[in-house]
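# Architecture at a glance
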Amino acid sequence: MKGIADFFAEHFPTKVRKIAVNAGLGCPNRDGKLSYGGCSYCNNAGFNPSYALESKGSIKDQIDAGIAFQGKKAEGCACLAYFQSYSNTYGETPALIELYEQALSHPAIKGLVIATRPDCLENGLMDYFERRFGRLAPQGHPFLLVELGIESTCDRTLERINRGHDYACARSAVLELHRRGILCGAHIILGLP
């Protein structure tokens, strides 16, 4: 069975380090669009190292802090800006693109990992992903991996944990990302009832 290191080895000649950045984005399951309070297990503090949680700086400043935090482990590695906390495709498309491009402008960053929900992928943003990183991107484009919080394939379980979407939504998101040539991964929580 292949792990994430094997996956990254297929795309990079060196080891990969994910550098967490906090874009200050929200979640429709916390701000009232879908619900309040988030999923039953939500704890943003558990998803970020201290430098990302405490930072009020720019994306570039957070990347610098993250590389310093990684220290010698980051030397000689391909660094990916990791938009992890909350839903990192939830917002106005132009503002999101600006955040991603800020990260890509950092000389150490070779690509992005963007964590999000399957119900937060607007067509305009998907068009950008397709042109910048997917099947319509130029040769030598930066790397992109979209991490989808699917959590469960059981609709009753998704409802019980207050997820705010069903499995059909997750399946549709995976298929659409694939159709556009965008790499994606799925987060599944093992052991949910």
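These notes cover the structure that comes with them.

Reading guide: rules and limits
The written sequence of each chain sets the order in which its residues are numbered from 1. Local features in a predicted model are, by the rule used here, given only for residues with pLDDT of at least 70; side-chain atom pairs are given and counted only at 80 or more, and totals for whole chains, interfaces and linings are based on all residues. Just so you know, side-chain values use all the structure's heavy atoms and leave hydrogens and water out. Side-chain rings of Phe, Tyr and Trp (the six-membered ring for Trp) are treated as a pair once their centres are within 6.5 Å; stacked means planes under 30 degrees apart, edge-to-face means over 60, and tilted covers the remaining angles. Here a strand is any run of E in DSSP of at least two residues, a helix any run of H or I of at least four, and the numbering for each starts at the N terminus. Here the term buried applies to any residue with accessible area under 20% of the maximum for its type, exposed to any over 50%, and partly exposed to those in between, with areas from a 1.4 Å probe on protein chains only. Here, a charge over a ring means that NZ of Lys or CZ of Arg falls within 6 Å of the ring centre while also lying within 35 degrees of the ring normal. Only strands that DSSP links by at least two bridges are regarded as paired with each other. Angles shown run from 0 to 180 degrees and are taken between the N-to-C directions of axes, each axis being a line fitted to C-alpha atoms and, for helices, limited to the stretch in contact. Should any heavy atoms of two residues lie within 4.5 Å, those residues are counted as being in contact. Counted as salt bridges are all cases of a side-chain nitrogen of Lys or Arg within 4 Å of a carboxyl oxygen of Asp or Glu.

### Here we look at the packing of aromatic side chains
In total, this model carries 10 aromatic pairs according to the counting rule given. Ring centres of Phe83 and Tyr100 lie 5.4 Å apart, and the angle between their planes is 85°; this geometry places the pair in the edge-to-face category. With Phe83 in strand β2 (residues 78-83) and Tyr100 in helix α4 (residues 93-104), the pair connects residues that are 17 residues apart, well separated along the chain. Between Tyr100 and Phe129, the aromatic rings sit 6.0 Å apart at their centres with planes inclined by 35°, giving tilted as the arrangement. In this pair, Tyr100 sits in helix α4 while Phe129 sits in helix α5 (residues 123-132), placing the two residues 29 residues apart along the sequence. A relative accessible area of 0% places Tyr100 in the buried class. An aromatic cluster is defined as three or more aromatic residues linked by ring pairs; in this entry it consists of Phe83, Tyr100, Tyr128, Phe129 and Phe133. Over the face of the ring belonging to Tyr82 we find Lys18, whose NZ or CZ atom lies 4.1 Å from the ring centre.

### What about the sheet that holds strand β1 (residues 16-21)?
The strand order β1-β2-β3-β4-β5 describes an open sheet built from 5 strands, whose pairing is parallel. Each edge of the open sheet is held by one strand with a lone partner, namely β1 and β5 (183-188). Between one strand axis and the next, the sheet turns through 25° on average, direction left out of account. Of the strands in this sheet, β2 and β3 (109-116) touch α4, which is tilted by about 145° from β3.

### Overview of the pattern of salt bridges
Opposite charge on two side chains permits pairing when their charged atoms draw close. Following the criterion strictly, the structure yields 11 salt bridges and no others. One salt bridge in this structure joins Glu147 and Lys18, with 3.4 Å as the shortest N-O distance. With a gap of 129 residues between them, Glu147 in strand β4 (residues 143-151) and Lys18 in strand β1 connect regions that are remote in the sequence. Under the relative-accessibility criterion, Glu147 is labelled buried at 7%. We note a salt bridge from Glu130 to Arg180, for which the minimum N-O separation is 2.9 Å. Placement of Glu130 in helix α5 and of Arg180 in the loop between α7 (167-179) and β5 is noted, with a sequence separation of 50 residues between them.

### A few points about the side chain of Asn88
Secondary-structure assignment places Asn88 in the loop between β2 and α4. Apart from the residues within four sequence positions on either side, Asn88 is in contact with Ala23, Leu25, Phe83, Leu96, Tyr100, Ile114, Ala115 and Thr116.

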